[in-house]
Every structure is written in C-alpha cells, then in structure tokens.
Amino acid sequence: MSILPDPDTQPEFYKDVQIKRLFAWGVDAVVTLLGCLIILPFTAFTGVFFFPLLFLFVGFGYRTMTLANGSATWGMRLFSIELRRADGAPLDAGHAFAHTLGYTFSWFLPVFQVMSVIMMGATERGQGLTDHVLGTVMLNRRALAR
C-alpha cells in the first residue's frame, strides 16, 4: 500500500523534482570525483590506470551510505529532495543498496538509463526505472516544522 503524496492533490511534493534530480546528480558526480582524487595518492597514483573502476566503487559507496543515512545524497540534500519508499518511510540500508545497484546497473545498459530518464519525465510521480521496480519516489523534502 502506498501512502505517498498524491501528485494531483499535493503537487508541491513533485514540483521541479526532475530538474532538481539532474542538478543533484551533477553535484554527486563532482563529490565522487573529489573523493577519487583524494584517494588517488593513497594508491601511489596507480589508480589512474583503473580510474573508471575507482569512480564506480567510490560512487557506489558514497551513494549507498548517504541514501541509507538520510534518504538523500549530498546533492539531493542541497536541492531539498529525498527518496522515499512506497510506505512513505525513508530508505534503510537494504533499500539504499538496492536503489544504488539498480542505478549502477542502468549505467551499464544505456537503454535502461534512457528508459529511466523518459519515465522520469512521463510518469505522474517522476519515477525512473529503478524507482518503479523498488516502489521508491523522489519528493521535495517535507518541512520539518509541520
């Protein structure tokens, strides 16, 4: 059972979420890149030879940890959006791992990434492919003082 806000009666939860998600993704890519650059000297700079793999693992860890501890990456927090499960609860460690795994998998098969972007623009809740599979949704953060 979903207790997520209804996009017809509570559109403020979904307003501009797609563009915020794009900007958050950019911030998260920069954070991941900075993390990789910090780690690079500790690999005696051999990380240069497997930098895409380093980027993948650092990004996976960063995304999973931040989603598990607040239901949003730092980029998502900057743009006041968060992921919620179908029951309205924040993501736990298992859901954060599953969401990150789905997101990562979609980058390995570009057709899934394209489908995900199209779905974000075409569905009433702006859910991507991984969101649909897991029943998660990206929302504007709720006000703390309600």
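Residues numbered from 1 in each chain as written. Predicted model: local features only at pLDDT ≥ 70, side-chain atom pairs only at ≥ 80, totals over all residues. Heavy atoms only, no water.

## Some thoughts on the environment of methionine 76
With respect to the element layout, methionine 76 can be found in helix H3 (residues 74-78). On the accessibility criterion, methionine 76 (4% relative accessible area) is buried. The contacts of methionine 76, once residues within four sequence positions are left out, are Ala24, Asp28, Arg63, Leu67, Ile81, Leu83 and Met138. (Helix = DSSP H or I, 4+ residues; strand = E, 2+ residues; numbered from the N terminus. Buried < 20%, exposed > 50% of the residue type's maximum accessible area, 1.4 Å probe, protein only. Contact = heavy atoms within 4.5 Å.)

## What about the environment of glycine 88?
If you trace the backbone, glycine 88 turns up in the loop between strand E1 (81-84) and helix H4 (93-108). Classification of glycine 88 as buried rests on a relative accessible area of 15%. The spatial distance from the C-alpha of glycine 88 to the C-alpha of serine 106 is 24 Å, given a sequence separation of 18 residues. Ignoring anything within four residues of it in the chain, the contact list for glycine 88 reads Ile3, Leu4 and Arg142.

## Regarding unusual backbone geometry
At alanine 44, a residue that is not glycine, the phi angle is positive and equals roughly 55 degrees. Here alanine 44 lies in the loop between helix H1 (17-39) and helix H2 (51-68). Unlike most non-glycine residues, serine 80 shows phi in positive territory, near 60 degrees. Residue position: serine 80 is located in the loop between H3 and E1. Assessed through its relative accessible area of 36%, serine 80 is described here as partly exposed.

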